[in-house]
Amino acid sequence: MIDLTAVRLDTPAARRHVFLDSAGSSLPPNPVVEQVLAHVRREAEVGGYLAAQERLDDLERGYSVLARLLDCRPEEIAFTDSATRSWLAAVDAVPLAEGDRVLVTEVEYAANAIALLRKAEETGASIEPVPSEPSGEISLDALDRMLDERVKLVSLVHVPTNSGLVNPVREVVDAAHRVGALVLLDACQSVGQLPVHVAELGVDLLSATGRKWLRGPRGTGVLVVTAQAAGRLRPRLVDLRGAVWETPTSYTLREDARAYELWEYSVADRLGLIEAARYALDLGLDKIAEAVGERAARVREGLAELPGVRVRDLGTRRSGLVSFTVDGLAAPEVRDRLRAADITVTASFTASTLLDMTKRGLSSVVRASPHYFVAPEQIESFLAAVSKLG
Ligand SMILES: *Cc1c(COP(=O)(O)O)cnc(C)c1O
(Lines give C-alpha, C1' and ligand atoms only; values in the text may rest on other atoms or scores of the structure.)
Protein backbone atom coordinates (compact mmCIF):
# COMPACT_ATOMS: atom_id res chain seq x y z
CA MET A 1 0.00 0.00 0.00
CA ILE A 2 1.07 3.56 -0.66
CA ASP A 3 1.95 5.49 2.49
CA LEU A 4 -0.69 8.18 2.22
CA THR A 5 0.78 10.30 5.01
CA ALA A 6 4.19 10.35 3.34
CA VAL A 7 2.96 11.20 -0.16
CA ARG A 8 0.73 13.91 1.26
CA LEU A 9 3.67 15.38 3.16
CA ASP A 10 5.44 15.56 -0.20
CA THR A 11 2.42 17.32 -1.72
CA PRO A 12 1.50 20.18 0.61
CA ALA A 13 -1.20 21.61 -1.68
CA ALA A 14 -3.07 18.29 -1.60
CA ARG A 15 -3.78 18.95 2.06
CA ARG A 16 -5.12 22.41 1.43
CA HIS A 17 -7.61 21.54 -1.29
CA VAL A 18 -9.28 18.65 -3.06
CA PHE A 19 -7.19 18.16 -6.17
CA LEU A 20 -8.87 16.02 -8.81
CA ASP A 21 -7.07 17.00 -12.00
CA SER A 22 -4.09 14.72 -12.43
CA ALA A 23 -5.36 13.95 -15.93
CA GLY A 24 -4.92 17.65 -16.70
CA SER A 25 -1.83 18.85 -14.87
CA SER A 26 -1.05 17.20 -11.55
CA LEU A 27 0.60 18.55 -8.41
CA PRO A 28 4.31 17.70 -8.57
CA PRO A 29 5.77 16.26 -5.36
CA ASN A 30 8.36 18.31 -3.44
CA PRO A 31 11.41 16.37 -4.72
CA VAL A 32 10.40 17.27 -8.30
CA VAL A 33 9.90 20.93 -7.44
CA GLU A 34 13.26 20.98 -5.65
CA GLN A 35 15.10 19.51 -8.62
CA VAL A 36 13.69 22.17 -10.92
CA LEU A 37 14.26 25.12 -8.61
CA ALA A 38 17.76 24.04 -7.60
CA HIS A 39 18.79 23.83 -11.23
CA VAL A 40 17.32 27.19 -12.18
CA ARG A 41 19.25 28.72 -9.27
CA ARG A 42 22.45 26.98 -10.31
CA GLU A 43 22.08 28.30 -13.85
CA ALA A 44 21.86 31.81 -12.39
CA GLU A 45 25.12 31.20 -10.50
CA VAL A 46 27.36 29.61 -13.14
CA GLY A 47 25.49 29.84 -16.45
CA GLY A 48 23.42 27.19 -18.17
CA TYR A 49 26.27 25.31 -19.83
CA LEU A 50 28.32 24.69 -16.72
CA ALA A 51 25.18 23.96 -14.70
CA ALA A 52 24.20 21.28 -17.24
CA GLN A 53 27.76 19.91 -17.30
CA GLU A 54 27.57 19.38 -13.54
CA ARG A 55 24.42 17.26 -13.98
CA LEU A 56 25.57 15.32 -17.04
CA ASP A 57 25.56 11.95 -15.26
CA ASP A 58 22.07 12.52 -13.88
CA LEU A 59 20.79 13.60 -17.27
CA GLU A 60 22.33 10.51 -18.86
CA ARG A 61 20.88 8.26 -16.15
CA GLY A 62 17.50 9.76 -16.98
CA TYR A 63 17.27 7.59 -20.09
CA SER A 64 17.61 4.47 -17.94
CA VAL A 65 15.07 5.75 -15.42
CA LEU A 66 12.47 6.36 -18.13
CA ALA A 67 13.37 3.05 -19.77
CA ARG A 68 12.73 1.32 -16.44
CA LEU A 69 9.41 3.11 -16.10
CA LEU A 70 8.28 2.12 -19.58
CA ASP A 71 10.04 -1.24 -19.83
CA CYS A 72 12.11 -0.50 -22.90
CA ARG A 73 15.79 0.14 -23.60
CA PRO A 74 17.47 3.46 -22.75
CA GLU A 75 18.40 3.85 -26.44
CA GLU A 76 14.70 3.80 -27.26
CA ILE A 77 13.93 6.90 -25.16
CA ALA A 78 13.79 10.46 -26.49
CA PHE A 79 12.95 13.39 -24.24
CA THR A 80 10.70 16.06 -25.72
CA ASP A 81 8.70 19.01 -24.47
CA SER A 82 5.21 17.47 -24.61
CA ALA A 83 3.29 14.36 -25.55
CA THR A 84 2.11 16.10 -28.68
CA ARG A 85 5.67 16.99 -29.68
CA SER A 86 6.54 13.31 -29.23
CA TRP A 87 3.54 12.20 -31.21
CA LEU A 88 4.20 14.67 -34.05
CA ALA A 89 7.85 13.61 -34.27
CA ALA A 90 6.76 9.99 -34.47
CA VAL A 91 4.05 10.47 -37.08
CA ASP A 92 6.22 12.74 -39.21
CA ALA A 93 8.77 9.97 -39.37
CA VAL A 94 6.37 7.37 -40.76
CA PRO A 95 6.70 7.23 -44.55
CA LEU A 96 3.23 7.72 -46.08
CA ALA A 97 2.22 7.92 -49.73
CA GLU A 98 -0.86 8.16 -51.88
CA GLY A 99 -3.14 5.20 -51.21
CA ASP A 100 -1.67 4.39 -47.80
CA ARG A 101 -4.11 4.11 -44.93
CA VAL A 102 -3.87 5.20 -41.30
CA LEU A 103 -6.33 3.80 -38.77
CA VAL A 104 -7.35 5.70 -35.66
CA THR A 105 -9.81 5.01 -32.84
CA GLU A 106 -13.03 6.90 -32.18
CA VAL A 107 -11.39 8.38 -29.09
CA GLU A 108 -8.54 9.92 -31.07
CA TYR A 109 -7.20 13.10 -29.46
CA ALA A 110 -7.65 16.36 -31.38
CA ALA A 111 -3.98 17.24 -31.71
CA ASN A 112 -3.27 13.82 -33.21
CA ALA A 113 -6.25 13.99 -35.54
CA ILE A 114 -5.32 17.44 -36.82
CA ALA A 115 -1.76 16.33 -37.52
CA LEU A 116 -3.04 13.28 -39.38
CA LEU A 117 -5.50 15.32 -41.44
CA ARG A 118 -2.64 17.59 -42.50
CA LYS A 119 -0.51 14.55 -43.25
CA ALA A 120 -3.33 13.20 -45.40
CA GLU A 121 -3.49 16.50 -47.34
CA GLU A 122 0.23 16.34 -48.02
CA THR A 123 0.56 12.68 -48.89
CA GLY A 124 -2.78 11.46 -50.20
CA ALA A 125 -2.98 8.85 -47.45
CA SER A 126 -6.41 8.26 -45.90
CA ILE A 127 -7.32 8.51 -42.21
CA GLU A 128 -10.01 6.07 -41.12
CA PRO A 129 -11.60 5.61 -37.70
CA VAL A 130 -12.06 2.05 -36.49
CA PRO A 131 -15.52 1.70 -34.90
CA SER A 132 -15.76 1.07 -31.16
CA GLU A 133 -17.60 -1.68 -29.36
CA PRO A 134 -20.79 -0.56 -27.58
CA SER A 135 -18.68 -0.83 -24.42
CA GLY A 136 -16.35 1.85 -25.80
CA GLU A 137 -13.15 -0.04 -26.59
CA ILE A 138 -11.85 -0.31 -30.13
CA SER A 139 -13.65 -3.14 -31.91
CA LEU A 140 -11.07 -5.82 -32.63
CA ASP A 141 -13.41 -7.41 -35.18
CA ALA A 142 -13.81 -4.15 -37.05
CA LEU A 143 -10.05 -3.63 -36.88
CA ASP A 144 -9.47 -7.08 -38.38
CA ARG A 145 -11.85 -6.33 -41.22
CA MET A 146 -10.21 -2.97 -41.97
CA LEU A 147 -6.59 -4.07 -41.85
CA ASP A 148 -4.81 -4.77 -45.11
CA GLU A 149 -1.29 -4.25 -46.39
CA ARG A 150 -2.07 -0.63 -47.30
CA VAL A 151 -2.45 0.21 -43.60
CA LYS A 152 0.89 1.71 -42.58
CA LEU A 153 0.02 3.00 -39.14
CA VAL A 154 -2.49 2.35 -36.38
CA SER A 155 -2.84 5.22 -33.92
CA LEU A 156 -4.17 3.88 -30.64
CA VAL A 157 -5.11 6.00 -27.64
CA HIS A 158 -4.51 3.94 -24.51
CA VAL A 159 -6.74 5.99 -22.19
CA PRO A 160 -8.77 8.76 -23.84
CA THR A 161 -8.77 12.30 -22.53
CA ASN A 162 -12.55 12.31 -21.93
CA SER A 163 -13.49 9.00 -20.31
CA GLY A 164 -12.19 6.28 -18.05
CA LEU A 165 -11.88 3.49 -20.58
CA VAL A 166 -8.63 1.60 -21.16
CA ASN A 167 -8.16 0.32 -24.71
CA PRO A 168 -6.69 -3.13 -25.32
CA VAL A 169 -3.18 -2.78 -26.72
CA ARG A 170 -1.59 -6.19 -27.25
CA GLU A 171 -4.50 -7.43 -29.37
CA VAL A 172 -4.36 -4.33 -31.58
CA VAL A 173 -0.59 -4.68 -31.95
CA ASP A 174 -0.81 -8.34 -32.94
CA ALA A 175 -3.45 -7.62 -35.56
CA ALA A 176 -1.62 -4.58 -36.95
CA HIS A 177 1.68 -6.41 -37.12
CA ARG A 178 0.11 -9.21 -39.15
CA VAL A 179 -0.25 -6.74 -42.05
CA GLY A 180 3.03 -4.95 -41.30
CA ALA A 181 1.47 -1.77 -39.87
CA LEU A 182 3.22 0.21 -37.15
CA VAL A 183 1.40 0.95 -33.90
CA LEU A 184 1.78 4.32 -32.20
CA LEU A 185 0.39 4.32 -28.66
CA ASP A 186 -0.77 7.61 -27.17
CA ALA A 187 -0.06 6.76 -23.55
CA CYS A 188 -0.50 10.30 -22.33
CA GLN A 189 -3.24 9.34 -19.86
CA SER A 190 -1.85 5.97 -18.82
CA VAL A 191 1.83 6.54 -18.05
CA GLY A 192 2.12 7.36 -14.36
CA GLN A 193 -1.21 5.87 -13.33
CA LEU A 194 -0.99 2.36 -14.81
CA PRO A 195 1.95 0.05 -15.45
CA VAL A 196 2.85 0.52 -19.13
CA HIS A 197 5.28 -2.08 -20.47
CA VAL A 198 6.44 -1.29 -23.99
CA ALA A 199 8.12 -4.68 -24.42
CA GLU A 200 5.04 -6.61 -23.30
CA LEU A 201 2.59 -4.46 -25.25
CA GLY A 202 4.71 -4.74 -28.39
CA VAL A 203 3.98 -1.18 -29.58
CA ASP A 204 6.39 0.39 -32.05
CA LEU A 205 6.12 3.96 -30.82
CA LEU A 206 4.77 5.52 -27.64
CA SER A 207 4.16 9.11 -26.57
CA ALA A 208 3.61 10.40 -23.04
CA THR A 209 3.62 13.66 -21.16
CA GLY A 210 5.30 14.73 -17.93
CA ARG A 211 2.73 16.93 -16.25
CA LYS A 212 -0.24 14.57 -15.95
CA TRP A 213 -0.20 11.31 -13.96
CA LEU A 214 3.59 11.29 -13.78
CA ARG A 215 3.51 14.52 -11.75
CA GLY A 216 6.43 16.06 -13.62
CA PRO A 217 6.90 19.68 -14.67
CA ARG A 218 4.95 21.22 -17.52
CA GLY A 219 6.70 21.36 -20.88
CA THR A 220 8.08 17.83 -20.65
CA GLY A 221 7.32 14.71 -22.63
CA VAL A 222 8.81 11.46 -23.76
CA LEU A 223 8.84 9.48 -26.98
CA VAL A 224 9.70 5.80 -27.27
CA VAL A 225 11.03 4.70 -30.64
CA THR A 226 11.58 0.99 -30.40
CA ALA A 227 14.50 -0.71 -32.12
CA GLN A 228 11.99 -2.84 -34.06
CA ALA A 229 10.52 0.30 -35.66
CA ALA A 230 13.54 2.60 -35.94
CA GLY A 231 14.75 1.27 -39.28
CA ARG A 232 11.41 1.94 -40.94
CA LEU A 233 11.23 5.57 -39.86
CA ARG A 234 12.77 8.78 -41.08
CA PRO A 235 12.89 11.51 -38.40
CA ARG A 236 12.16 14.84 -40.05
CA LEU A 237 13.07 17.63 -37.65
CA VAL A 238 16.70 16.80 -36.95
CA ASP A 239 19.30 19.22 -35.65
CA LEU A 240 22.81 18.90 -34.28
CA ARG A 241 21.49 16.78 -31.42
CA GLY A 242 20.17 14.09 -33.75
CA ALA A 243 22.97 14.17 -36.26
CA VAL A 244 26.61 15.17 -36.75
CA TRP A 245 27.61 17.44 -39.64
CA GLU A 246 30.58 15.49 -41.03
CA THR A 247 31.55 17.12 -44.32
CA PRO A 248 30.17 20.16 -46.18
CA THR A 249 27.65 17.89 -47.87
CA SER A 250 27.04 15.08 -45.42
CA TYR A 251 25.89 14.31 -41.92
CA THR A 252 25.47 11.18 -39.85
CA LEU A 253 22.16 10.53 -38.19
CA ARG A 254 22.15 9.06 -34.69
CA GLU A 255 20.87 5.53 -34.57
CA ASP A 256 19.14 5.75 -31.22
CA ALA A 257 15.92 7.57 -30.34
CA ARG A 258 17.84 10.75 -29.56
CA ALA A 259 17.69 11.40 -33.30
CA TYR A 260 14.23 12.72 -32.38
CA GLU A 261 15.47 15.21 -29.80
CA LEU A 262 16.51 18.80 -30.39
CA TRP A 263 19.67 20.24 -28.93
CA GLU A 264 18.06 22.87 -26.74
CA TYR A 265 15.79 21.98 -23.86
CA SER A 266 14.96 23.05 -20.34
CA VAL A 267 17.50 21.17 -18.25
CA ALA A 268 15.69 22.05 -15.04
CA ASP A 269 12.43 20.61 -16.30
CA ARG A 270 14.09 17.49 -17.61
CA LEU A 271 15.72 16.91 -14.22
CA GLY A 272 12.26 17.38 -12.72
CA LEU A 273 10.75 14.83 -15.08
CA ILE A 274 13.46 12.28 -14.31
CA GLU A 275 12.81 12.81 -10.60
CA ALA A 276 9.08 12.37 -11.18
CA ALA A 277 9.67 9.06 -12.97
CA ARG A 278 11.95 7.92 -10.15
CA TYR A 279 9.33 8.93 -7.60
CA ALA A 280 6.68 6.87 -9.38
CA LEU A 281 9.04 3.89 -9.65
CA ASP A 282 9.85 4.10 -5.94
CA LEU A 283 6.15 3.99 -5.07
CA GLY A 284 5.58 1.19 -7.58
CA LEU A 285 3.27 1.45 -10.58
CA ASP A 286 1.17 -1.49 -9.42
CA LYS A 287 0.54 0.20 -6.10
CA ILE A 288 -0.18 3.51 -7.79
CA ALA A 289 -2.68 1.83 -10.14
CA GLU A 290 -4.37 0.15 -7.20
CA ALA A 291 -4.67 3.38 -5.18
CA VAL A 292 -5.90 5.37 -8.18
CA GLY A 293 -8.33 2.60 -9.13
CA GLU A 294 -9.86 2.51 -5.64
CA ARG A 295 -10.34 6.26 -5.61
CA ALA A 296 -11.81 6.41 -9.10
CA ALA A 297 -14.17 3.54 -8.27
CA ARG A 298 -15.45 5.41 -5.22
CA VAL A 299 -15.90 8.61 -7.26
CA ARG A 300 -17.92 6.70 -9.89
CA GLU A 301 -20.01 4.86 -7.34
CA GLY A 302 -20.70 8.02 -5.33
CA LEU A 303 -21.59 10.09 -8.41
CA ALA A 304 -23.86 7.36 -9.77
CA GLU A 305 -25.98 7.59 -6.60
CA LEU A 306 -26.60 11.33 -7.00
CA PRO A 307 -29.82 12.40 -8.70
CA GLY A 308 -29.23 14.36 -11.90
CA VAL A 309 -25.61 13.25 -12.15
CA ARG A 310 -24.55 10.89 -14.93
CA VAL A 311 -21.25 9.09 -15.08
CA ARG A 312 -20.14 9.17 -18.73
CA ASP A 313 -17.30 6.67 -18.57
CA LEU A 314 -17.13 3.90 -21.08
CA GLY A 315 -14.98 0.81 -21.00
CA THR A 316 -15.03 -2.58 -19.37
CA ARG A 317 -11.63 -1.86 -17.88
CA ARG A 318 -11.48 1.60 -16.35
CA SER A 319 -8.80 3.98 -15.22
CA GLY A 320 -8.46 6.91 -12.85
CA LEU A 321 -10.19 9.38 -15.11
CA VAL A 322 -13.86 9.82 -14.24
CA SER A 323 -16.14 11.76 -16.58
CA PHE A 324 -19.62 12.93 -15.67
CA THR A 325 -22.31 15.50 -16.38
CA VAL A 326 -24.80 17.25 -14.13
CA ASP A 327 -28.28 17.76 -15.60
CA GLY A 328 -28.97 21.40 -16.41
CA LEU A 329 -25.37 22.54 -15.83
CA ALA A 330 -22.65 22.87 -18.47
CA ALA A 331 -19.34 21.28 -17.50
CA PRO A 332 -17.48 24.62 -17.12
CA GLU A 333 -20.14 25.79 -14.69
CA VAL A 334 -19.70 22.64 -12.60
CA ARG A 335 -15.93 23.13 -12.72
CA ASP A 336 -16.15 26.76 -11.64
CA ARG A 337 -18.60 26.14 -8.82
CA LEU A 338 -16.48 23.33 -7.45
CA ARG A 339 -13.44 25.59 -7.74
CA ALA A 340 -15.15 28.06 -5.44
CA ALA A 341 -15.34 25.21 -2.91
CA ASP A 342 -11.58 24.52 -3.24
CA ILE A 343 -12.10 21.46 -5.42
CA THR A 344 -10.19 21.19 -8.69
CA VAL A 345 -11.74 19.30 -11.59
CA THR A 346 -11.69 20.19 -15.25
CA ALA A 347 -13.96 20.15 -18.28
CA SER A 348 -13.41 18.35 -21.57
CA PHE A 349 -15.14 19.56 -24.73
CA THR A 350 -16.33 18.08 -28.01
CA ALA A 351 -13.36 19.42 -29.97
CA SER A 352 -10.85 17.41 -27.90
CA THR A 353 -12.35 14.05 -28.86
CA LEU A 354 -14.70 15.00 -31.68
CA LEU A 355 -15.68 11.54 -32.92
CA ASP A 356 -16.56 10.08 -29.54
CA MET A 357 -18.31 13.16 -28.13
CA THR A 358 -20.36 13.66 -31.31
CA LYS A 359 -21.36 10.01 -31.40
CA ARG A 360 -22.56 10.23 -27.81
CA GLY A 361 -24.21 13.62 -28.26
CA LEU A 362 -22.07 15.27 -25.59
CA SER A 363 -20.79 18.84 -25.80
CA SER A 364 -18.77 18.73 -22.60
CA VAL A 365 -18.05 16.47 -19.66
CA VAL A 366 -16.60 17.19 -16.24
CA ARG A 367 -13.43 15.26 -15.56
CA ALA A 368 -12.39 14.23 -12.05
CA SER A 369 -9.07 12.42 -11.90
CA PRO A 370 -7.99 11.47 -8.37
CA HIS A 371 -4.35 10.50 -7.93
CA TYR A 372 -3.02 8.38 -5.06
CA PHE A 373 -2.32 11.47 -2.94
CA VAL A 374 -6.02 12.32 -2.61
CA ALA A 375 -7.34 11.30 0.83
CA PRO A 376 -10.52 9.19 0.88
CA GLU A 377 -12.32 11.81 3.00
CA GLN A 378 -11.57 14.41 0.31
CA ILE A 379 -13.45 12.27 -2.18
CA GLU A 380 -16.43 12.30 0.17
CA SER A 381 -16.29 16.11 0.36
CA PHE A 382 -16.17 16.25 -3.43
CA LEU A 383 -19.25 14.02 -3.67
CA ALA A 384 -21.05 16.14 -1.09
CA ALA A 385 -20.21 19.29 -3.05
CA VAL A 386 -21.50 17.78 -6.30
CA SER A 387 -24.72 16.70 -4.58
CA LYS A 388 -25.37 20.35 -3.71
CA LEU A 389 -24.96 21.60 -7.28
CA GLY A 390 -28.23 20.39 -8.76
C1 LIG B 1 -3.28 15.54 -22.82
C2 LIG B 1 -3.33 14.55 -23.89
C3 LIG B 1 -2.45 14.64 -24.99
C4 LIG B 1 -1.52 15.80 -25.20
O5 LIG B 1 -0.52 15.93 -24.26
P6 LIG B 1 0.39 17.25 -24.28
O7 LIG B 1 1.48 16.99 -23.30
O8 LIG B 1 -0.51 18.38 -23.91
O9 LIG B 1 0.91 17.43 -25.65
C10 LIG B 1 -2.48 13.63 -25.91
N11 LIG B 1 -3.34 12.59 -25.80
C12 LIG B 1 -4.19 12.48 -24.78
C13 LIG B 1 -5.10 11.29 -24.71
C14 LIG B 1 -4.22 13.46 -23.79
O15 LIG B 1 -5.11 13.37 -22.78
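Residues numbered from 1 in each chain as written. Predicted model: local features only at pLDDT ≥ 70, side-chain atom pairs only at ≥ 80, totals over all residues. Heavy atoms only, no water.

The name given to the protein in an unreviewed UniProt entry is Probable hercynylcysteine sulfoxide lyase, and the organism recorded there is Kutzneria viridogrisea. Per its UniProt entry, the protein bears the Pathway (unreviewed entry) comment "Amino-acid biosynthesis; ergothioneine biosynthesis." Word for word, the UniProt comment on the protein under Cofactor (unreviewed entry) is "pyridoxal 5'-phosphate". (UniProt positions renumbered as here; feature names shortened; annotations may be inferred.)

Under the present numbering, the feature "domain: Aminotransferase class V" (unreviewed entry) in UniProt falls on residues 18-382. Helix and strand shares over residues 18-382 are 41% and 18% respectively, and the end C-alpha atoms of the span are 7 Å apart. (Helix = DSSP H or I, 4+ residues; strand = E, 2+ residues; numbered from the N terminus.)

When the domains of the protein are assigned, the result is domain 1 (4-28 + 284-387) and domain 2 (31-282). On a C-alpha basis, the centres of domain 1 and domain 2 stand 26 Å from each other. Between domain 1 and domain 2, the contact holds 44 residues from the first and 37 residues from the second. In terms of surface lost to domain 2, no three residues of domain 1 exceed P28, L285 and R317, which account for 19% of the buried area on that side. Taken together, domain 1 and domain 2 are joined by one salt bridge. For E106, the salt bridge identified is with K359, shortest N-O distance 2.7 Å. Taken together, the links from domain 1 to domain 2 amount to 27 residue pairs in polar contact (both at pLDDT 80 or more). (Domains from an automatic or database assignment. Contact = heavy atoms within 4.5 Å. Buried area = accessible area lost by both parts, 1.4 Å probe. Salt bridge = Lys/Arg side-chain N within 4 Å of Asp/Glu carboxyl O. Polar contact = N/O pair within 3.5 Å; in protein donor to acceptor, adjacent residues only side chain to side chain.)

A separate point is the site of the ligand. Near the ligand there are 13 residues, and of these T84, T161, D186, T209 and K212 occur at the shortest range. Counted by class, the shell around the ligand contains five nonpolar, five polar and three charged residues. (Near = heavy atom within 4 Å. Nonpolar A, V, L, I, M, F, W, Y, C, P; charged D, E, K, R; others polar.)

Turning next to helix α14 (residues 331-340). Residues of α14 that are buried: A331, V334 and L338. End-on, the buried residues of α14 take up no more than an arc of 60 degrees, which puts them together on one face. Immediately beyond the C-terminal end of α14, within one or two residues, lies D342, with a positive phi of roughly 65 degrees. (Buried < 20%, exposed > 50% of the residue type's maximum accessible area, 1.4 Å probe, protein only. Arc of directions from axis to C-beta.)

Another aspect to go through is the packing of aromatic side chains. Considering all chains together, one arrives at five aromatic pairs under this definition. Taking 4.9 Å as the distance between ring centres and 70 degrees as the angle between the ring planes, the aromatic pair formed by Y63 and F79 counts as edge-to-face. Note that Y63 is positioned in helix α5 (residues 56-70) and F79 in strand β2 (residues 77-80), a separation of 16 residues in sequence. Relative accessible area serves as the criterion here: at 2%, Y63 is assigned to the buried category. (Phe/Tyr/Trp six-rings, centres within 6.5 Å; stacked < 30°, edge-to-face > 60°.)

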